[in-house]
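# Results of the structural survey
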Amino acid sequence: MQLNNYPKKILALLFICFMAVLLSYELYRSAGRLFKGTGQDHQEENSGGEEEKKEETEEETDASPDAAEADPAASEEASAQEEELSPLEQAMLAFGDTVQSRLDMRGFYYELHMFITEDQYIVKAYPETTTDYEFDQVMLFKEFLDREGIHFAYVNQPTKYLDDTYMTRMFGVYTYTNANADRLVSRLRGAGVRTLDLREELVKDGLEITDLFYRTDHHWTTRTGLWASGKIAGILNDWCGYSIDLSLFDEDHYDFTTFENAWVGEQGKKIGASSAGTDDYTEICPKDKGQYTFYGKNGPWQEDFMGFINESAYDYDGPVEKRKSLHYSYNMLRAVNEKVDRGKVLIIGDSFSHVTEPFLSQAVHEIDAIVLRGKGDDFGLRQYILDGGYDTVLICYAQTNIGAHDNPKDANAKMFWLDR
Amino acid sequence: MSFTELSFLTIFLPAALIGSRVPGKQVRETVLLLVSLIFYSLGCLSFLPLLLFSVAVNLLLGRAMAGMEKKRTRTLLFAGGLVFDVLVLAFFKYLPYLAGLPFLSGLMGAGDQAVLLPLGISFYTFKAISYLADIYRGRITPQGTGIRDALYLCFFPQIQSGPLARYGDFESAPSFDLFSEGTYRFMTGFAKKVLLADVLAKITGEIYGSPVERIGIRFAWLGAVCYALQLYYDFSGYSDMAIGISAMLGYPCPENFRYPYMAASFSEFWRRWHITLGAWFRDYVYIPLGGSRVKSRKRHLLNLLAVWLLTGIWHGSGWNFLIWGLSYFLLISAEKLLGLPGRIKSRLLCLLYRIFTLVMVVILWVPFRAGSPSFALGFVHRMFSFGSLQQEEARALFLLKDYWVFILGAVFFSFPFVPLLEKKISSRKAVFYLFETVLMALTAFFFVWGLSLVVQGAYNPFAYANF
């Protein structure tokens, strides 16, 4: 006689209850959207009312050649979607994260080209490129600047590891970001382009690469940004005739405020907080905050160094994994330093420049930073430079931008489009 | 719309289950027919008219045949229906491939236009053919207003990927026992698809995406085995979900998989893998051609060739599917000619033959996944090229380390441990209930885990092909 399978029937009843909860929540959410409007509309209203100093900087995530990411619109959409997650869905996400981290699935995100080391340091693999496009564009750009008598230097900013074989040893994958950077830097120097490779500088200074970056984000830390700013100021002196007091970038001249376990970086968000862990965040402000005129969408305003920093980003009580990127609490702004009387610098940068341009602003009269991937196809870079009257142009790129052009869909594909 | 999508789980399925509870059999069938058409529209609205047209033609022909006394007219009607169904299938499934062939593209003027494949066309067309054939043979008689017949052809749990149920077995028999069995099957199938198939797909995606010259022996075997498991769990998982949903709606559904990797021979493999397709070809191609009950061995082989050619091209229009079908023709023909494995008396040789069968099945799945015949050949060659490449060896070890739980789980559940154990303890009440409780708890756990991955994939705009 076949036994009555009561456990199976109980499972069926639980399934019915589960379906009922899911359906009820979906109906409730749909009704809410219908009568109240979406959370996204509300969010857009808030964005419109924010202060002028919240620059429209494009959020750059990884320079992935597979490029579904790194689109600010997608990033905002993701944030809005996250806010709509039901408690049940949030619980699901947390559950999945936990199981995967317990199983130590460090390569689970291969499709995102991301891997987690044993100490929860997220790294990414990058494909090989010839660097022909990047080299040609930089050379054409240099020719233009030389004709106009404008100083030019290229700054190579490192990624989270200095040795490509590191990824091969750890995960059995090939990555070429350092090889690509070596190739481009060598070609640029050979062609007479003044090139600062920050990888060389950090080795000289005895720094450990893993200490310079966030564990869960592809960006370098604020402290690293300050260090890099000092190195960039050095080349402004050596190559561009500036006389910057480099002690300006010594840590003694700054106040440090650290928020521990404050956020999950963009890489961490993609793979889930349980697997990724969290990062600390340090706000760095000069003791002498100076006096600036900032230029925003709604016109100029006067403020000290704090005009670069959006401290409202620190007012947050929600789950750490949902917090927006703290890296962007420093803004890239056009700024005139009222206390310095010479130097007009344009940084053609990327999101790493959020934590270099503000510090460099202390050393020059006027500084501006643009990110080419956020500019339309009709943007005239050369005219912009001429109109701005800059005496120095720096390209400060994370080396992960090298090769992005090989994939037209990559959000960073236009970063080396300098010939315009 | 896929059974593993959030919108299906949170809205469509609950709504369908509620709809299936309306009183009155005819009303229920009408509601389910509407639900099925909505399901189809959500997945493939542009081809809904084709589905409706196909259903209408087959229903009309079926009814005309059923009421026809004259055999000649019935035969003409049946032939007409068969030609209609085959032409529709051939047009959508094979014309784009034929148009892409260099020597035909100019003739056919295909240009860059691709004809999209209507959702489920292979399945509902085969169901339609079996419907007409069974009416022609007098095995079934269409009854009522035709709603049930239309529902049979459009039934949403089965329309995308089967199983190929028969009209004669398509009878509503709702009960809570059936519903609870359906729930279990659905959750099991969901976990198989999301937790095993989709995770194994990450491994096979990476391995099959590598240039063939960078694939060493370990990498190749890992890819081949993982793909064999991925395909099994993907298809059987989907079948389990289809069977589960059908049962929840009150319609028992035939089994489609029976632990195929346990097969002792190639013939047995195809009695365990995609069972309803094998049965369809047996009943509607092989047996009508004479099957094995023909006078000459040559005729028998030709019948087998016909079945396996059709099986190959049913799976896809590329050369790789044709080669795959022909390979099975050769293997099965050899078995029949040599009387294998029945003639093997030694247990050791039987075991070796079983292992040989499994290895060949794994190898023969390679053309399915390979992007081209040359890649497939290169890949299989790599499976037997000793002397590994260092980097690939490191990667293969890393993949094993990262995914060992899933690979082990996939291998474990490809054996019938659970049903065997259930059968063994079925007479011992306390043990049975304890076992079932643990099994149901694990099922729920894996279902929730799978659901978390679906949620993760749905709300991660940065993920590609994620679940």
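Computed from a predicted model, the values in this text were never measured in an experiment.

### Digging into the overall build of chain B
Summing up its helical and strand segments, chain B has 19 helices and zero strands in all. Relative to the globule expectation of 23 Å for 467 residues, the C-alpha radius of gyration of chain B, 23 Å, shows essentially globular dimensions. If you line up chain B on its principal axes, its C-alpha atoms span 70 × 55 × 55 Å. Restricting the contact set of chain B to residue pairs at least 6 apart, pairs at least 24 apart contribute 74%. Counting every atom, chain B has about 20600 Å² of accessible surface; 68% of that belongs to carbon and sulfur. Side chains of chain B carry 42 positive and 25 negative charges; the gap between the two charge centres is 9 Å.

### Here's the deal with the packing of helix α10 (residues 217-248) of chain B against helix α16 (residues 373-383) of chain B
All names here are of chain B. Running from N to C, α10 and α16 cross one another at 115 degrees; their axes reach a closest spacing of 7 Å. Handedness of the α10/α16 crossing: left-handed. Contact residues: I217, A220, W221, G223 and A224 in α10; F379, R382 and M383 in α16. The residue inventory of the contact of α10 with α16, partitioned by class, reads six nonpolar, one polar and one charged.

### Details of the nonpolar core
Residue and element names in this part refer to chain B. F8, F186, W273, W365 and F379 are the most contacted members of the largest nonpolar core, which totals 155 residues. With 17 residues, the top contributor of residues to this core is α10. Contact partners of W273, with chain neighbours within four places excluded, come to L231, Y232, F235, N256, F257, P260, Y261 and W365.

### What to know about the pairing of strand β3 (residues 151-157) of chain A
Residues and elements named next belong to chain A. Counting buried residues in β3 gives six out of seven residues, a clear majority hidden from the surface. Judged from the seven bridges that link them, β3 and strand β12 (residues 392-398) form a sheet pairing that is parallel. Its bridge partner lying in β12, F152 is registered against V393. With three bridges connecting them, β3 and strand β4 (residues 195-197) associate as parallel partners. Within β4, the residue paired with N156 across the bridge is D197.

### Remarks on the environment of L333 of chain A
Topologically, L333 of chain A is positioned in the loop between β8 (299-303) and β9 (334-337). The class for L333 of chain A is buried, based on a relative accessible area of 0%.

### A short note on α10 of chain B
Because each turn of an α-helix spans 3.6 residues, side chains separated by three or four positions in sequence point in the same direction. Residue and element names in this part refer to chain B. Its 32 residues give α10 an end-to-end C-alpha distance of 45 Å, which sits within 8% of 46 Å, the value for a rise of 1.5 Å per residue. The element α10 is largely enclosed, with a buried count of 28 among its 32 residues. Phi for G250, located one or two positions after α10, is positive at around 100 degrees.

### Some points on the sheet that holds strand β11 (residues 366-370) of chain A
Residue and element names in this part refer to chain A. Read from one edge of the open sheet, eight strands run β4-β3-β12-β10-β11-β9-β7-β8, paired in mixed fashion. Lying at the two open borders of the sheet, with one neighbouring strand each, are β4 and β8. Shown here is a sheet whose adjacent strand axes are inclined to one another by a mean of 20 degrees, direction ignored. As defined by bridge partners, strand β7 (residues 292-296) adjoins β8 across five bridges and the pair is classed as antiparallel. Within β8, the position partnered with Y292 by the bridge is E303. Set on the sheet, helix α5 (residues 132-148) makes contact with β3, β10 (344-348) and β12; between it and β3 the angle comes to about 150 degrees.

### What about the packing of aromatic side chains?
For the structure on display, the rule yields 100 aromatic pairs over all chains. Judged by centre distance (4.8 Å) and plane angle (85 degrees), the rings of Y214 of chain A and W263 of chain A are edge-to-face. Of this pair, Y214 of chain A sits in the loop between α9 (209-212) and α10 (222-240) while W263 of chain A is found in strand β5 (residues 254-263), placing the two residues 49 residues apart along the sequence. According to the relative accessible area criterion, Y214 of chain A is buried, its value standing at 3%. Since its relative accessible area comes to 0%, W263 of chain A is described here as buried. Ring geometry for F235 of chain B and F257 of chain B: centres 5.1 Å apart, planes at 70 degrees, overall edge-to-face. Here F257 of chain B lies in the loop between α10 and α11 (266-272) and F235 of chain B lies in helix α10, a separation of 22 residues in the sequence.

### Here we look at a nonpolar patch on the surface
The grouping of L348, L349, L351, L352, I355 and V359 of chain B at the surface amounts to a nonpolar patch, some 520 Å² of accessible area in total. Along the chain, the position of L352 of chain B falls in helix α15 (residues 347-369).

### What to know about the pattern of salt bridges
Residue and element names in this part refer to chain B. Enumeration over the complete set of coordinates arrives at 33 salt bridges over all chains. In this structure, the salt-bridge partner of D198 is K193, at a minimum N-O distance of 2.9 Å. Each member of the pair, D198 together with K193, is buried. The closest approach of N and O atoms between R282 and D283, which form a salt bridge, is 2.9 Å. The class for R282 is partly exposed, based on a relative accessible area of 42%.

### Quick look at the packing of helix α3 (residues 48-66) of chain B against helix α6 (residues 121-136) of chain B
Residue and element names in this part refer to chain B. Axis separation between α3 and α6 bottoms out at 9 Å; the angle between their running directions is 10 degrees. In terms of their interaxial angle, α3 and α6 are classed as roughly parallel. Here L50, L51, S54, N58, L59, L61, G62, R63, M65 and A66 of α3 lie close against α6, whose contacting residues are I121, Y124, A128, Y131, L132, I135 and Y136. Within the contact of α3 with α6, the residues separate by chemical class into 13 nonpolar, three polar and one charged.

Basis of the calculations
Residues numbered from 1 in each chain as written. Chains lettered and ligands numbered in written order. Predicted model: local features only at pLDDT ≥ 70, side-chain atom pairs only at ≥ 80, totals over all residues. Heavy atoms only, no water. Helix = DSSP H or I, 4+ residues; strand = E, 2+ residues; numbered from the N terminus. Rg over C-alpha atoms; globule rule 2.2 N^0.38 Å. Contact = heavy atoms within 4.5 Å. Areas by Shrake-Rupley, 256 points an atom, 1.4 Å probe, with all protein chains shown as cover. Lys, Arg positive; Asp, Glu negative; His and termini not counted. Charge placed at Lys NZ, Arg CZ, Asp CG, Glu CD. Axes fitted to C-alpha atoms, helices over the stretch in contact; angles between N-to-C directions. Left-handed = near helix turned anticlockwise from the far one by under 90°. Nonpolar A, V, L, I, M, F, W, Y, C, P; charged D, E, K, R; others polar. Core = buried A, V, L, I, M, F, W, Y, C linked by side-chain atoms within 4.5 Å. Buried < 20%, exposed > 50% of the residue type's maximum accessible area, 1.4 Å probe, protein only. Pairing = 2+ DSSP bridges. Expected span 1.5 Å × (residues − 1). Phe/Tyr/Trp six-rings, centres within 6.5 Å; stacked < 30°, edge-to-face > 60°. Patch = residues over 30% accessible without salt bridge, like charges linked within 9 Å, V, L, I, M, F, W, Y side chains within 5 Å. Salt bridge = Lys/Arg side-chain N within 4 Å of Asp/Glu carboxyl O. Parallel < 35°, antiparallel > 145°, perpendicular 65-115°, else oblique.

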